[in-house]
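Remarks on the overall topology
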Amino acid sequence: MIIEPKVRNFICLTAHPIGCASAVNRQIEYVKSQPPIEGPKRALIIGASTGYGLASRIAITFGLQADTIGVMLEKPSRGKRTATAGFYNNKAFEEAARSEGRVAITINDDAFSKECKDQTIAAIKEHLGQVDLIIYSLAAPRRTDADGTTWSSVIKPTGETFVGKTLNLSDNTVDTATLEPATDEEVEATIKVMGGEDWSDWLYALQNAGVLADNAVTIAYSYIGPEMTHAIYRDGSIGQAKKDLYRTADQLRDEFSDKNLTARVSVNKAVVTQASAAIPSVSLYISVLYKLMKEEGTHEGCIQQMHRLLAEKIFGENGVLLDENGLIRMDDWEMKPELQAQIKDIWQRISTENIDELADVDGYWEDFYNMFGFHLPDVDYTADVTDY
Ligand code: NAI
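A few points on the structure. Everything quoted here is computed from the prediction, not taken from an experiment. (Residues numbered from 1 in each chain as written. Predicted model: local features only at pLDDT ≥ 70, side-chain atom pairs only at ≥ 80, totals over all residues. Heavy atoms only, no water.)

You can see T229 is positioned in helix α7 (residues 227–230). For T229, a relative accessible area of 0% corresponds to the buried category. (Helix = DSSP H or I, 4+ residues; strand = E, 2+ residues; numbered from the N terminus. Buried < 20%, exposed > 50% of the residue type's maximum accessible area, 1.4 Å probe, protein only.)

What follows is the structure in structure tokens.
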């Protein structure tokens, strides 16, 4: 089969197995080109197949030389339908990790469920004994509880209607996005899905099963971003869920103090992932950010961010580096005042007429296609793919 991208709005319905493997191998090569990192050797990554979770797992495996268990929710191929990108990414990752003697076991199941937690714990017992590093990198649209109740997360403002500039992904024009505020129920549901409850459930499940090591480190991810996205992100429904995540980190440190657990939230940089592509305004902001950071030489993708997180902010010489609010700031370069002042100025001026000059829309799309295994330079896309 010849596999081509089928893009619908902010998602690609197909994925290319060889392209996904190439993208994963590029990330592995990056980590191998960096000095090794000293730290934990047994890790669990929840949300391990794409975006920041995949990059974390790669940095942990090839940077820390650690054995890993990953949790993901991905679909294998069926008939003429390709598998999801995360499925192919994971296959390529596991092959590469195992070829270097690392344990790499993946549970493909709903992370919110008890069954998934039980299965993961059984795998930890069998292959790792205990875990001393737990990364929580889920970005999920919904959560179903044991009693069948389903919550769906929404990306909406709270309080007032949001009207803001956005990138129209169907024709690369600058458009206006208008979003009505979330209801209280929608905010509550978003907190259920993307807040800290499930992160905490995981830690308790690990602890109760005796597989949480003393002095373990657990990290969940958040985003804050600049003023122009505050209404839709920081102060919106997703922002409320992130605040819940911050509270959870405080509680976890407190509740697991006898184990000396380090529980922190890392605020990461805005990058193109399947989760961020769905957020209005953020796509346009990312395009402007990419242009300026690439010009400045400070641009990072998921893998550079996650390697720097481990090497400098968590397991560096000075231990865990925190800001005044107790957060790890991987968005330090993104949020530099001079850079943000430039972005603010561009934001006021940017329009369909000048977007090519003021934003890196091509860079946005390159990352987007790469996520699904397309537009990789070393892949022959005219070749028939039989194993998919
Ligand atoms: P992503 O969409 O690339 O990855 C989500 C991962 O979660 C995948 O591995 C997927 O298989 C897994 N997953 C989703 N639902 C699941 C379920 N029910 N059970 C098991 N696995 C499931 O997302 P991304 O962007 O890497 O997000 C990860 C975290 O990073 C989120 O907390 C997000 O808010 C945060 N973040 C993202 C930023 C961005 O610009 N993309 C910036 C800063 C933070």
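Let us now look at the packing of helix α6 (residues 197–208) against helix α8 (residues 237–255). Where α6 contacts α8, the axes come no closer than 9 Å and their chain directions differ by 25 degrees. Looking at the two axes, α6 sits roughly parallel to α8. Judged by the sense of rotation from one axis to the other, the crossing of α6 with α8 is right-handed. On α8, the residues that touch E197, W199, S200, L203 and Y204 of α6 are D244, L245, T248, A249, L252 and E255. Across the contact of α6 with α8, the residue classes tally to six nonpolar, two polar and three charged. (Axes fitted to C-alpha atoms, helices over the stretch in contact; angles between N-to-C directions. Parallel < 35°, antiparallel > 145°, perpendicular 65-115°, else oblique. Left-handed = near helix turned anticlockwise from the far one by under 90°. Contact = heavy atoms within 4.5 Å. Nonpolar A, V, L, I, M, F, W, Y, C, P; charged D, E, K, R; others polar.)

Below, the discussion takes up the packing of helix α5 (residues 184–194) against α8. At a closest axis distance of 8 Å, the pairing of α5 and α8 adopts a crossing angle of 50 degrees. Classified by the angle between their axes, α5 and α8 sit oblique to one another. Between α5 and α8 the crossing geometry is right-handed. Contact with α5, carried on its side by V187, T190, I191 and M194, involves S237, I238, Q240, A241, K242, D244 and L245 of α8 and no other residues of that element. When the residues that make up the contact of α5 with α8 are grouped by side-chain class, the tally is six nonpolar, three polar and two charged.

Time to look at the sheet that holds strand β12 (residues 262–267). Taken together, seven strands build an open sheet; the order of strands is β5-β4-β3-β6-β11-β12-β13 and the sheet is parallel. A strand with exactly one partner marks an edge of an open sheet, and here the two such strands are β5 (104–108) and β13 (328–329). Note that strand β11 (residues 212–222) and β12 share six bridges and pair parallel. Note on β12: the bridge partner recorded for Y221 is S266. The strands touched by helix α3 (residues 85–99) are β4 (67–72) and β5; relative to β5, the strand with the most contacts, the crossing angle is about 160 degrees. (Pairing = 2+ DSSP bridges.)

Here helix α2 (residues 51–63) is 13 residues long and its end C-alpha atoms lie 17 Å apart, about the 18 Å a rise of 1.5 Å per residue gives. Within α2, twelve of the 13 residues are buried, which leaves it mostly tucked inside the rest of the structure. Within the sequence span of α2, burial applies to Y52, G53, L54, A55, S56, R57, I58, A59, I60, T61, F62 and G63. A positive backbone phi angle near 60 degrees is found at Q65, which sits one or two residues after α2. (Expected span 1.5 Å × (residues − 1).)

Another aspect to go through is the site of the ligand. Inspection of the region around the ligand gives 30 residues, with S49, Y52, A111, K242 and T273 positioned closest. In the model, an oxygen atom of the ligand is placed 3.4 Å from a nitrogen or oxygen of the Y221 main chain. Note that an oxygen atom of the ligand is positioned 2.9 Å from one of the backbone N or O atoms of V271. Relative to its unbound accessible area of 850 Å², the ligand is 93% covered by the protein chains. Elements represented by at least two residues in the shell around the ligand include exactly α2 and β11. Broken down by class, the residue content of the shell around the ligand amounts to 15 nonpolar, ten polar and five charged. (Near = heavy atom within 4 Å. Polar contact = N/O pair within 3.5 Å; in protein donor to acceptor, adjacent residues only side chain to side chain. Areas by Shrake-Rupley, 256 points an atom, 1.4 Å probe, with all protein chains shown as cover.)

So, on to the pattern of salt bridges. Inspection of the entire model under this criterion finds 26 salt bridges. Among the salt bridges present, the one from E94 reaches R98, with a minimum N-O distance of 3.4 Å. On the criterion of helical spacing, the pair formed by E94 and R98 is a turn pair, its members being four residues apart in helix α3. For E94, a relative accessible area of 14% corresponds to the buried category. (Salt bridge = Lys/Arg side-chain N within 4 Å of Asp/Glu carboxyl O.)

This part is about the nonpolar core. Core analysis: the biggest nonpolar cluster contains 125 residues, and L44 and W199 have the highest contact counts within it. Take this core: its biggest share by element is nine residues, from helix α9 (residues 282–296). The contact partners of L44, leaving out residues within four places of it in the chain, are I69, V71, T120, I124, V131, L133, I134, I135, W202 and L206. (Core = buried A, V, L, I, M, F, W, Y, C linked by side-chain atoms within 4.5 Å.)

Let us look at the layout of surface pockets. Taken as a whole, the second largest pocket encloses approximately 650 Å³ of empty space. Considering the residues around the second largest pocket, the lining is formed by 29 residues, among which Q27, G301, C302, D367 and N370 are closest to the centre. Going through the elements one at a time, α1 (17–32), α2, α9, α10 (302–314) and α13 (361–371) are the ones with two or more residues in the lining of the second largest pocket. The element best represented in the lining of the second largest pocket is α1, accounting for six residues. Within the lining of the second largest pocket, the residues separate by chemical class into twelve nonpolar, twelve polar and five charged. (1 Å grid on protein atoms, 1.4 Å probe; cavity = no way out; pocket = protein on both sides within 12 Å on 5 of 7 lines; lining within 4 Å. Points joined across faces, edges and corners; volume = space filled by probe spheres on them.)

So, about the pairing of strand β6 (residues 131–136). The element β6 is largely enclosed, with a buried count of six among its six residues. Of the pairings in the sheet, the one linking strand β3 (residues 42–46) to β6 comprises four bridges and is parallel in character. Bridge pairing in β6 links L44 to I134. Relative to β11, β6 runs parallel, the two being bridged by five bridges. Bridge pairing in β11 links I135 to I219.

On their own, these measurements won't tell you what the molecule is for.
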